[in-house]
Amino acid sequence: MIALGYKPSFLRQFKKLPAALQEEAHEKITLFKDPKNHVTLKVHKLKGELKGYLSFSVNYSYRIIFAWEKAGSSAVFYAIGDHSLYD
């Protein structure tokens, strides 16, 4: 299992989401903790200004941006939102 950390910015953004989307995000975060599910979640590296970060899908529109710590055994979530996160 992957250990998770949360930046304050992620927690603020998460709290602003509608309840149904929060529930869906929580389900995907639970799946994320098992590396076997990363293909299903479409985990991918980001480019440009977000180089060094990764992202995975919550649903068709929403993504979570994170970074690995300790060689893949722990991750820190930085942001959750739609594609405007990439701008």
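Scroll up to find the structure.
In what follows, the accompanying structure is described.

Definitions and limits used
Residues numbered from 1 in each chain as written. Predicted model: local features only at pLDDT ≥ 70, side-chain atom pairs only at ≥ 80, totals over all residues. Heavy atoms only, no water. Phe/Tyr/Trp six-rings, centres within 6.5 Å; stacked < 30°, edge-to-face > 60°. Buried < 20%, exposed > 50% of the residue type's maximum accessible area, 1.4 Å probe, protein only. Helix = DSSP H or I, 4+ residues; strand = E, 2+ residues; numbered from the N terminus. Pairing = 2+ DSSP bridges. Core = buried A, V, L, I, M, F, W, Y, C linked by side-chain atoms within 4.5 Å. Contact = heavy atoms within 4.5 Å. Axes fitted to C-alpha atoms, helices over the stretch in contact; angles between N-to-C directions. Parallel < 35°, antiparallel > 145°, perpendicular 65-115°, else oblique. Nonpolar A, V, L, I, M, F, W, Y, C, P; charged D, E, K, R; others polar.

## Observations concerning the packing of aromatic side chains
Inspection of the entire model under this criterion finds 13 aromatic pairs. Counting every residue linked through ring pairs, the aromatic cluster contains Tyr6, Phe10, Phe14, Phe32, Phe56, Phe66, Trp68 and Phe77.

## So, the pairing of strand 4 (residues 63-69)
For strand 4, a buried count of five out of seven residues is recorded, marking the element as mostly surrounded by other parts of the structure. Of the pairings in the sheet, the one linking strand 3 (residues 54-57) to strand 4 comprises four bridges and is antiparallel in character. Its bridge partner being in strand 4, phenylalanine 56 is matched across the sheet by isoleucine 64. The turn linking strand 3 back onto strand 4 is made up of five residues.

## A short note on the nonpolar core
Taken as a class, soluble globular proteins show a tendency for nonpolar side chains to be buried jointly. In terms of nonpolar packing, the biggest core is built from 17 residues, with Phe10, Phe32, Phe56, Ile64, Phe66, Phe77 and Ile80 touching the most fellow members. Residue assignment for this core shows that the elements contributing at least two residues are helix 1 (8-16), helix 2 (19-32), strand 3, strand 4 and strand 5 (74-81). Looking at this core, the element that brings in the most residues is helix 2, giving four residues. Here isoleucine 80 is in contact with Phe10, Gln13, Phe14, Leu17, Ala25, Val58, Arg63, Ile64 and Leu85, once residues within four sequence places are set aside.

## What to know about the packing of helix 1 against helix 2
Close contact between helix 1 and helix 2 brings their axes to 9 Å; oriented N to C, the two are set at 135 degrees. By the criterion of interaxial angle, the relationship of helix 1 to helix 2 is oblique. Along its contact with helix 1, which presents Phe10, Phe14, Lys15 and Lys16, the element helix 2 presents Gln22, Ala25 and Ile29. When its residues are assigned to classes, the contact of helix 1 with helix 2 shows four nonpolar, one polar and two charged.

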